[in-house]
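Topology and contacts: notes
The lines below spell out each chain.
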Amino acid sequence: MSTAYDVTIVGGGVMGCAAAFELASRGVRTLVLERSVPGAEASSAAAGMLGAQVESHAPGPFVDLCVASRDRFSSWAARLREVSGIDVEHRVCGITAAAFDRAELDKMEAHAAWQREAGLRAVPLRASEVRAIEPDLAADVIGGISFPDDARVDPPRLLKALRISAEKSGASFRTGAVVRKVAGDGARSSGVVLESGETIESAHVVLAAGSWSTLVGGTTLAPDAIRPARGQIVELQLAVPFQRGIVVGSKCYVSPRDDGRVLIGSTLEFVGFERGVTAGAVRDLLTSATRMLPRLEAADLGRVWSSFRPYTANEMPFIGPSPIENLWLATGHYRNGILLSPITAEIIAALIAGEAPPIDPSPFRAPA
Ligand SMILES: Cc1cc2nc3c(=O)[nH]c(=O)nc-3n(C[C@H](O)[C@H](O)[C@H](O)COP(=O)(O)OP(=O)(O)OC[C@H]3O[C@@H](n4cnc5c(N)ncnc54)[C@H](O)[C@@H]3O)c2cc1C
C-alpha cells in the first residue's frame, strides 16, 4: 500500500499530536505514525508544569520560546476543549520556589533578578509571604520567589484532547507503525519506510520521535544528538487538595491536581532506555516533598512511574528545518516538551506552509 500525504509525522507524543492538530487545522493532509499508541511515552508521564520561568536559567531565545508557548495555553486549551470536549486542566496556579537555607535563597534571588530585568514577573518573598501563598509549607522556610504566571496542565488529558482534535480536524493516525527510516535520496525526503517494508510517500516528514529520534534512519542527526534522560515520579492522593499552586524546592517539585492527586518529581538519570522505578528514588522524592510540605505525610500512596526526556547537549530543542530538504525536526524538548508543544506545533505548521513562523527558530537548529 502506498498513500500520498502532504505530511507524515514520526511519533505520536505531544510533539507529533500537536503538530498534527495544527497542520490538519490548516487543511494539510497529515498522517501520524506511532509505533505504540499516541501518548505512550514521555508525554503522558510528564508532571505538566508550564514552568516557563522557573525552568529558564538565563535570558535569551530559550526563555522567549518558553514564555511565548506558556502564554498560548489559555487560548489553546479553550480551542482543544471546543474541538475535543476535553478539559486539559490548564490552571494558571503560579509556581512558588521555596528556600530553606541562605545559599538556596541567594540562587533564587539571582534567578528572579534577571527575569525582572527581562520584564517577567518574579516576586521575591519573605518567609511570611511564602507561607501566605502556601500556608502548609514547613515552618522553617526562609523565603522564596513567586512566578505567578507559570501554570500547569494535565498531560494525559492534553494527549487525549490533542489526538481527538487532530483526528476531528482531518489528521489520520496509524498505531503500531514503526518507522525504520526517512525515505529519499539523502538530499530531499520523500516519505518514510516502515519496519514492515511499506513505504509511505509524503511531501514533508516531521521527526517527532522524542528520545528515540536518532534511532530513525535517514536523518543527519548524530547518534548521541538526543539521549534518554530518565525521570521518575511518585503520585500521592489526598482526600482534599491543600496546595494553591506548584511548589518547587532544590530537590523536588510538588504539583497538585484538581482531584487531590499530587505529583512529586523528578529524578534525572542517564541509564539508557532502562525502564523502572527505584526504591532509592521513591525514598528521596518522598523525603524531599514531605520535608517541604509535612501535610503530605498523611496522603495515600498512589502510582509510581518513569519515562524518558529527550535530552540534547545544550538542553535546547531541535525545531525547524534539517539539512535534508522537507525533513522537519520537532524533537529534543528535554524537560519542557509539554510547555513547548503549542509554539513548536505553530512553528512547524508555518514553516511547512511557507509562512513566517511566530518565533525565529534558528537558535533551535540541530548541529549539522
Ligand atoms: C518524569 C518526567 C516529568 C516531566 N515533566 C514535565 C513537565 O512538568 N513539563 C514539561 O513541559 N515537560 C515535562 N517533561 C518532558 C516532556 O514529557 C517531554 O519533553 C515531552 O513529552 C517530549 O514529547 P515528544 O513527543 O517529543 O516525545 P514522546 O512523548 O516520548 O513521544 C515520542 C513518540 O514517538 C514514538 N516513536 C519513537 N520511535 C518511533 C518510530 N521509529 N516509529 C514510530 N513511532 C516512534 C514513541 O512511541 C512515542 O510515542 C517530563 C518528562 C518526564 C520523563
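Residues numbered from 1 in each chain as written. Predicted model: local features only at pLDDT ≥ 70, side-chain atom pairs only at ≥ 80, totals over all residues. Heavy atoms only, no water.

1. A look at the overall build of the chain
Rule in force here: Helix and strand assignments come from DSSP, with helices taken as H or I runs of at least 4 residues and strands as E runs of at least 2, each series counted from the N terminus. Burial classes: relative accessible area under 20% of the type maximum marks a residue as buried, over 50% as exposed, and values in between as partly exposed (1.4 Å probe, protein chains only). Note on contacts: a residue pair qualifies if any of its non-hydrogen atoms lie within 4.5 Å across the two residues. Only the protein chains shown count as cover for residues, with accessible areas throughout obtained via the Shrake-Rupley method and a probe of 1.4 Å. Positive residues here are Lys and Arg, negative ones are Asp and Glu, while His and the chain termini are left out of the count. By convention, charge coordinates are those of NZ in Lys, CZ in Arg, CG in Asp, or CD in Glu.
Helix and strand content of the chain: 9 helices and 18 strands. Its C-alpha atoms give the chain principal-axis dimensions of roughly 65 × 40 × 40 Å. Counting the 368 residues in the chain, one finds 58% classified as buried. A separation of at least 24 residues holds for 73% of the contacts in the chain among residues at least 6 apart in sequence. Summed over its atoms, the accessible surface of the chain is roughly 14800 Å², and 52% of this surface lies on carbon and sulfur atoms. Charge separation in the chain, taken as the distance between the mean sites of 37 positive and 41 negative side-chain charges, equals 2 Å.

2. What to know about the sheet that holds strand β13 (residues 246-248)
We count it as follows: Paired strands, in this sense, are two strands between which DSSP finds at least two bridges. Lines fitted to the C-alpha atoms define the axes, with helices restricted to the stretch that makes contact. Angles between their N-to-C directions range from 0 to 180 degrees.
Across the sheet, 8 strands lie side by side as β5-β6-β4-β13-β14-β15-β12-β16; this open sheet has mixed pairing. The two strands at the open ends of the sheet, each matched to only one other strand, are β5 (123-126) and β16 (300-311). Strand after strand, the sheet turns through a mean of 20° between neighbouring axes, direction not considered. Docked against the sheet, helix α5 (residues 102-117) engages β4 (95-99), β5 and β6 (143-147), running at close to 30° with respect to β6. Sheet contacts for helix α8 (residues 279-292): β12 (227-237), β13, β14 (253-256), β15 (261-265) and β16; angle to β12, the most-contacted strand, approximately 55°.

3. Considerations on the nonpolar core
Note the cut-off: Working definition of a nonpolar core: buried Ala, Val, Leu, Ile, Met, Phe, Trp, Tyr and Cys residues. They are joined through side-chain atoms within 4.5 Å.
In terms of nonpolar packing, the biggest core is built from 56 residues, with I9, L65, W76, L80, L158, L162 and V206 touching the most fellow members. Elements supplying a minimum of two residues to this core: β1 (5-10), α1 (14-25), α3 (61-70), α4 (73-84), α7 (155-168), β18 (327-331) and α9 (341-352). For this core, the leading source of residues is α1, giving 9 residues. When near neighbours in sequence (up to four residues on either side) are disregarded, L65 contacts P317, I319, L340, I343, I347, I359 and F364. If you look at the next biggest cluster of nonpolar residues, it comprises 23 residues, including V130, F242, C252 and I264.

4. What about the domain arrangement of the chain?
This is how the line gets drawn: Domain limits in this description derive from either an automatic procedure or a database domain assignment. The buried area of a pairing is the accessible area, by a 1.4 Å probe, that goes missing from both parts when the two are put together, added over both. A pair is scored as a salt bridge if a Lys or Arg side-chain nitrogen falls within 4 Å of a carboxyl oxygen belonging to Asp or Glu.
Domain boundaries assigned for the chain yield domain 1 (5-86 + 155-223 + 313-364) and domain 2 (95-149 + 227-311). For domain 1 versus domain 2, the separation of C-alpha centres amounts to 28 Å. Both faces combined, the contact of domain 1 with domain 2 buries some 2400 Å², and carbon together with sulfur accounts for 64% of it. Remark: the boundary between domain 1 and domain 2 carries 1 salt bridge. In this structure, E41 and R275 form a salt bridge, with 3.0 Å as the shortest nitrogen-oxygen distance.

5. Examining the packing of α1 against α9
The condition is simple: Any angle that is under 35 degrees is reported as roughly parallel, and any over 145 degrees as roughly antiparallel; angles of 65 to 115 degrees are reported as roughly perpendicular and all others as oblique. Crossing handedness is defined as follows: a turn of the near helix away from the far one that is anticlockwise and smaller than a right angle gives a left-handed crossing, while the clockwise case is right-handed. Throughout, the ten residues Ala, Val, Leu, Ile, Met, Phe, Trp, Tyr, Cys and Pro are labelled nonpolar, Asp, Glu, Lys and Arg are labelled charged, and all others, Gly among them, are labelled polar.
Put simply, α1 and α9 touch, their axes get as near as 8 Å, and they point 50° apart. Accordingly, the angle class assigned to the pair α1 and α9 is oblique. Read as a crossing pair, α1 and α9 show a hand that is right-handed. Two secondary-structure elements touch here, α1 through V14, M15, A18, A19, E22 and L23 and α9 through S341, T344, A345, E346, A349 and I352. Broken down by class, the residue content of the contact of α1 with α9 amounts to 8 nonpolar, 2 polar and 2 charged.

6. Observations regarding the packing of aromatic side chains
Filter applied, for reference: Each pair of aromatic rings taken from Phe, Tyr and Trp, with Trp reduced to its six-membered ring, is defined by centres within 6.5 Å and is described as stacked if the planes are under 30 degrees apart, edge-to-face if over 60, and tilted in the remaining cases.
Tallied over the full model, the rule gives 6 aromatic pairs. Taken together, a centroid distance of 6.1 Å and an interplanar angle of 85° make the contact between W212 and F308 edge-to-face. Within this pair, whereas W212 is found in the loop between β11 (199-207) and β12, its partner F308 is found in strand β16, the two being separated by 96 residues in sequence. Each member of the pair, W212 as well as F308, carries the same accessibility label: buried.

7. A few points about the site of the ligand
What counts, and what does not: When at least one non-hydrogen atom of a residue lies within 4 Å of a molecule or strand, that residue is treated as near it.
If you check the shell around the ligand, you find 37 residues, and the closest are E34, S43, M49, Y334 and L339. In isolation the ligand has 1000 Å² of accessible area, and contact with the protein removes 98% of it. If you list the elements that add at least two residues to the shell around the ligand, you get α1, β2 (30-34), α2 (42-45), β12 and β16. For the shell around the ligand, the two domains that each supply at least three residues are domain 1 (5-86 + 155-223 + 313-364) and domain 2 (95-149 + 227-311).

8. As for the pattern of salt bridges
Inspection of the entire model under this criterion finds 32 salt bridges. A salt bridge links D150 to R70; the shortest N-O distance between them is 2.7 Å. Here the residue D150 occupies a position in the loop between β6 and β7 (151-152), and R70 occupies one in helix α3, the gap between them amounting to 80 residues. In terms of burial, D150 and R70 fall into one category: buried. Note that E195 is salt-bridged to R180, the shortest N-O span being 3.4 Å. Taken as a pair, E195 in the loop between β10 (189-194) and β11 and R180 in strand β9 (residues 179-184) lie far apart in primary sequence, 15 residues in all. Using a relative accessible area of 36% as the deciding quantity, one classes R180 as partly exposed. Beyond isolated ion pairs, a larger network of salt bridges with shared partners links R81, D87, E89, R91, R152, R157 and D258.

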